[in-house]
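Residues per chain, in single letters:
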Amino acid sequence: MEQPSPARGTPLYDAAALRGVETQAAGDDGFALMAKAGQAAWRELLRHWPDAQTLVVVCGPGNNGGDGYVLARHAHASGRTVRVLRLATHAPKTPLARRACDEYEAAGGVVVEFGGTVGHPDVIVDAVFGIGLSRAADGAAAELFAAIAASGRPVLSLDVPSGVDADHGRVPGAAIVATRTLQFIAPHAGLATGAALEHVGRLSLATLDLPAHLRDAMAVVATRFDADDLSAMFAPRPRNTHKGASGRVLCIGGDSGKGGAVMLAAEAALRSGAGLVAVATQPLHVAPLLARCPEAMPVGITSARQLDPMLDTADVVAIGPGLGQGDWGRTLFERALSRGKPLVLDADALNLLAASARLPSHDDILTPHPGEAARLLGISVAEVQANRYAAARLLCQAMGCVVVLKGAGTLVAAPDTTPRVVSAGNPGMAVGGMGDVLTGCIAALRAQGRDAFDAATTGALLHAVAGDDAAGEGGERGLLPSDLLPHLRRRANGTTPGGAR
Ligand SMILES: NC(=O)C1=CN([C@@H]2O[C@H](COP(=O)(O)OP(=O)(O)OC[C@H]3O[C@@H](n4cnc5c(N)ncnc54)[C@H](O)[C@@H]3O)[C@@H](O)[C@H]2O)[C@@H](O)CC1
Ligand SMILES: [K+]
């Protein structure tokens, strides 16, 4: 078996952890950290918009607004035309924000009340709400955000796009859609998944010189993996390997009219490095499958007994793509779950699981989209999306196995471990068959000797990055799952689009 490299990733934190280090990091001078945040934000603005001459800095009542006043003071001192804009109810409410505002005004800075428009500055700085968002932004704040959006100007959000929940990724009311977001101190878990991804734009981080010992003491709530992490997750193959050592995958699915799903899973498994891929499908799909992919080994299945020898020789079983929920699919589902092989369960296998009393085993992998997760949990899709971390954790606890919660910012959860977030992928991947490819990737990596958590993480990242590679070639709209196949192969060999390893 291959020896995969250990996964590293970037730790993510919640607001409680950030608040916990705030005072320690600031030392005796509470204002020092705000001064650093405002200055880092000003440098970020200059880096990305060096020619900006006119700025509107929209400040809220808390310390996020305080960061905005500090930035505004630097911008004013540099000779830029700056206006701080705020709601009548958003005068500074914290001592630090008040001090930052006083210093800005003492330097000659202008503050105006929002009157329905933000004008047409070169850049808008969003310093309304940060990690202190306490409820859905509505009313006057929603009008302010709408005016910012209507201006069409680039927006730099400080710490968090205002209105976005920095812990959970939900957007409970109105919210800013940022061009860029500069996070302070450490990356926020809620900006890596779910609806937040529509709002953050390009994310960057200013650590504000947080000492390493303070960062190491912070509780990590999730670990993020992106394209830069991928190549290190694939070690070169041993020279003396053989096809059996590269893993045997059995894909089960493809009821009448749904043969393409299981074909995609099988081909993705081969392109992700599986040594042997067998397919149990409806007899009518055998010939087209062989015509498309002669390397796959399809068997037409008319009775569940025919599955037994295939199950016996498989290292991993991927079940669900195109399986259907009719008699054929249900019988194969029951048979596959009774044999104790490591499973990757997707699509109709998840629907059959939700309707059955069976539980997967601890090293099985479920790959639900939010709708399937909601069905398995007995809650609504909106509830899943409102807190994707919690939904993934709950499902993982309820099922006792690894869960891949798909959707923007795919989450991978395993019992008693820190969840992982995949920071790759694009909206072009919202198309039928994409999940079947993911199932094939994960099954192939599991069959190559990775544990369930590692196979699920690496497979989800491989799939998302291959999706980005494919979208980069021809665009997001019209992207097909089979477009990912050559990219899976290249990325599974640790190669980037430029060819470097
Ligand atoms: N955590 C840290 O270590 C640091 C924090 N800093 C800044 O401080 C921010 C946190 O400051 P705060 O805790 O003061 O919180 P915020 O400034 O994020 O917001 C809190 C204020 O907004 C109001 N508010 C919240 N949600 C609202 C809503 N939906 N509608 C109307 N009003 C609402 C609250 O009543 C409160 O007055 C961070 O995001 C960051 O920008 C930085 O100065 C640097 C260091
Ligand atoms: K903000």
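Everything numeric in this text was worked out from a predicted model, so none of it was measured.

The rules we used
- Residues numbered from 1 in each chain as written.
- Chains lettered and ligands numbered in written order.
- Predicted model: local features only at pLDDT ≥ 70, side-chain atom pairs only at ≥ 80, totals over all residues.
- Heavy atoms only, no water.
- Domains from an automatic or database assignment.
- Contact = heavy atoms within 4.5 Å.
- Buried area = accessible area lost by both parts, 1.4 Å probe.
- Salt bridge = Lys/Arg side-chain N within 4 Å of Asp/Glu carboxyl O.
- Buried < 20%, exposed > 50% of the residue type's maximum accessible area, 1.4 Å probe, protein only.
- Helix = DSSP H or I, 4+ residues; strand = E, 2+ residues; numbered from the N terminus.
- Right-handed = clockwise from strand over helix to strand, strands pointing away.
- Pairing = 2+ DSSP bridges.
- Expected span 1.5 Å × (residues − 1).
- Axes fitted to C-alpha atoms, helices over the stretch in contact; angles between N-to-C directions.
- Phe/Tyr/Trp six-rings, centres within 6.5 Å; stacked < 30°, edge-to-face > 60°.
- Lys NZ or Arg CZ within 6 Å of the ring centre and 35° of its normal.

## Side note on the domain arrangement of the protein chain
Domain assignment breaks the protein chain into domain 1 (10–220) and domain 2 (230–234 + 244–492). Computed from C-alpha atoms alone, the centre-to-centre distance between domain 1 and domain 2 is 40 Å. In this complex, domain 1 contributes 11 residues to the contact, which on the side of domain 2 involves 10 residues. Across the domain 1 to domain 2 interface the summed buried area is about 760 Å²; carbon plus sulfur atoms make up 58%. Summed over the three residues of domain 1 that lose the most area to domain 2, namely H168, A192 and T193, the buried surface amounts to 48% of that side. At the boundary of domain 1 and domain 2, one finds 0 salt bridges.

## Comments concerning the pairing of strand β10 (residues 248–252)
For β10, the buried fraction is high: 4 of the 5 residues fall into the buried class. Traced from β10 through helix α8 (residues 259–271) to strand β11 (residues 276–281), the parallel crossover comes out right-handed. In this sheet, strand β13 (residues 316–319) lies alongside β10 in parallel orientation, the contact comprising 4 bridges. Following the sheet pairing, V249 is matched in β13 by V316.

## Quick look at the environment of A398
Secondary-structure assignment places A398 in helix α15 (residues 388–399). You can call A398 partly exposed: its relative accessible area is 44%. Taking the C-alpha atoms as reference points, A398 and V58, 340 residues apart in sequence, are found 44 Å from one another.

## So, helix α2 (residues 30–48)
With 19 residues, α2 should cover 27 Å at 1.5 Å per step; its first-to-last C-alpha distance of 29 Å lies within 8% of that length. Listed as buried for α2 are F31, L33, M34, A37, G38, A40, A41, W42, E44 and L45.

## Overview of the sheet that holds strand β6 (residues 155–158)
Ordered in space as β4-β3-β2-β5-β6-β7-β8, the 7 strands form an open sheet in which the pairing is parallel. Each edge of the sheet is formed by a strand with only one pairing partner; in this case those strands are β4 (111–113) and β8 (202–206). For this sheet the average axis-to-axis angle between neighbouring strands, irrespective of direction, equals 25°. Helix-sheet contacts for α2 involve β2 (54–59), β5 (123–127), β6, β7 (180–184) and β8, and the interaxial angle to β7 is about 155°.

## Here we look at the packing of aromatic side chains
On inspection of all chains with the given rule, the structure shows 2 aromatic pairs. Aromatic pair Y69 and Y104: ring centres 6.3 Å apart, planes at 45°, arrangement tilted. A residue pair is termed long-range when its members are at least 10 positions apart, and Y69 in helix α3 (residues 63–77) and Y104 in helix α4 (residues 95–106) qualify at 35 residues. On the basis of relative accessibility, which here comes to 1%, the residue Y104 falls in the buried class. Between the aromatic rings of F129 and F145, the centroid separation amounts to 6.4 Å while the plane-to-plane angle is 75°, which identifies the pairing as edge-to-face. Taken together, the residues F129 in the loop between β5 and α5 (139–151) and F145 in helix α5 connect sequence positions 16 residues apart. Exposure class is identical for F129 and F145. Each is buried. The side chain of R450 reaches across the aromatic face of F234, ending 4.9 Å from its centre.

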